[in-house]
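So the chains spell out like this:
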Amino acid sequence: MSPHVRLARSEDLEPTARLAGELVRMHHAVDPDRFFLPNQVESGYAWWFERELARKEARLFVAEAEGRILGYAYGTLEERDWNLLLDSHGAVHDIFVVEDARKTGVGELLVNALVSELEAMGAARILLGTMVSNTPAQRLFARCGFRPTMLEMTRSRGAAL
């Protein structure tokens, strides 16, 4: 299997939305108080990705081998955010690789393709978030040049003080 990464096309929307559904379910299973699980998540993502394919600030990549999509990467260019004290930047929103293709280099190919594209679009810095418990993803991101900068913390209503 020799995967290659390319920009997604409209015919990739359904399989990519299925992978996005897996990503959402994974997050929800880890922390349902933090990550909601929408009804019809796959159709929602198909709608969203179709919209993003046409937006000049967004990029959606797929990794494919032998006609099978093994993963995807989705990111955008973002404006300055005064709330976060964050100048304009690239944002990696999703990276997901199917289980049987993990630890084969597919994730790194996706991250590097998205980072290269966001930088070519003008991003001087690129941010992403990862679940605290997802150490394999954190190792991947570190190999790709990312460093920890912030830790999100969540408190649900009614939590003990």
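Sequence positions are assigned chain by chain, starting from 1 and proceeding in written order. Confidence filtering applies because this is a predicted model: local features only for residues at pLDDT of at least 70, side-chain atom pairs given and counted only at 80 or more, and all residues used for totals across whole chains, interfaces and linings. Heavy atoms throughout the structure, all of them, feed into the side-chain values; hydrogens and water do not.

> In this structure, what is going on with the overall build of the protein chain? I would like to understand it.
Runs of H or I in DSSP of at least four residues are treated as helices and runs of E of at least two as strands, each being numbered from the N terminus. A tally of helices and strands in the protein chain yields 4 helices and 5 strands. For the protein chain, the N- to C-terminal ordering of α and β elements is β-α-α-β-β-β-α-β-α. Principal axes of the C-alpha set define a box for the protein chain whose edges measure 55 × 35 × 30 Å. Burial analysis of the protein chain (161 residues in total) assigns 37% to the buried set. The method behind every accessible area is Shrake-Rupley, applied with a 1.4 Å probe, and residues are considered shielded solely by the protein chains displayed. Summing over all exposed atoms, the protein chain offers an accessible surface of approximately 10400 Å²; the carbon and sulfur share of this is 52%. The averaged location of the 23 negative side-chain charges in the protein chain is 4 Å from the averaged location of its 19 positive side-chain charges. Using a 1.4 Å probe on the protein chains alone, a residue whose accessible area is under 20% of its type maximum counts as buried, one over 50% counts as exposed, and one in between counts as partly exposed. In this tally Asp and Glu are treated as negative and Lys and Arg as positive; neither His nor the chain ends contributes. The location of each charge is read from NZ of Lys, CZ of Arg, CG of Asp or CD of Glu.

> How should the pattern of salt bridges be read in this particular structure?
A side chain of one charge can pair with a side chain of the opposite charge if their charged atoms are brought near each other. A pairing counts as a salt bridge when a side-chain nitrogen of Lys or Arg comes within 4 Å of a carboxyl oxygen of Asp or Glu. This structure, assessed with the given rule, holds 14 salt bridges. Salt-bridge contacts for D87 lead to R80; the nearest nitrogen and oxygen are separated by 3.1 Å. Salt bridges here are not isolated pairs; linked through shared partners, they connect R51, E52, R55, K56 and E57.

> What exactly am I supposed to notice about helix α2 (residues 41-53) here?
Residues lying three or four places apart along an α-helix face the same way, a consequence of the helix completing one turn every 3.6 residues. Expected span of a helix: the number of residues minus one, times 1.5 Å. Taking 1.5 Å as the rise per residue, α2 with 13 residues should run 18 Å; its terminal C-alpha atoms sit 18 Å apart, in good agreement. Of the positions making up α2, those classed as buried are V41, Y45, F49 and E52. Buried residues of α2, seen end-on, are gathered within an arc of 60° and therefore sit on one face of the element. Away from its buried face by more than 90 degrees, α2 exposes W47 and E50. Working rule for contacts: check all heavy atoms of both residues, and any pair within 4.5 Å makes them a contact. In the core, the buried residues of α2 are packed alongside α1 (13-30), β2 (58-65), β3 (68-78) and β4 (89-97). Arc definition: directions from the helix axis to the C-beta atoms.

> Sorry, what's going on with the sheet that holds β3 here?
By way of backbone hydrogen bonds, the strands of a sheet pair with one another, either parallel or antiparallel. Read across the open sheet, the 5 strands follow the order β1-β2-β3-β4-β5; overall the sheet is mixed. The strands lining the two open edges of the sheet, one partner per strand, are β1 (4-7) and β5 (126-128). For this sheet, the mean angle separating the axes of adjacent strands, direction not counted, is 25°. Strand pairing is assigned whenever DSSP detects at least two bridges linking the two strands. As judged from the 3 bridges shared by β4 and β5, these two strands associate in the parallel manner. Residue pairing in the sheet places G90 in a bridge with I126 of β5. As a rule, the C-alpha atoms of each element are fitted with a line to give its axis, helices using only the stretch in contact, and angles between N-to-C directions run from 0 to 180 degrees. In the packing of α2 onto the sheet, contacts are made with β2, β3 and β4, and the angle to β3 comes to roughly 60°. Seen against the sheet, helix α3 (residues 106-120) touches β1, β2, β3, β4 and β5 and runs at an angle of roughly 30° to β3.

> It is not clear to me how a nonpolar patch on the surface should be interpreted in this structure. Could you clarify?
Where nonpolar side chains cluster on the molecular surface, the patch consists of V132, L151 and M153 and spans about 380 Å² of accessible area. Among the secondary structure elements, L151 is positioned in the segment after α4 (135-143). Patches were defined on residues exceeding 30% relative accessible area and lacking a salt bridge, with like-charge contacts within 9 Å and nonpolar side-chain contacts (Val, Leu, Ile, Met, Phe, Trp, Tyr) within 5 Å.

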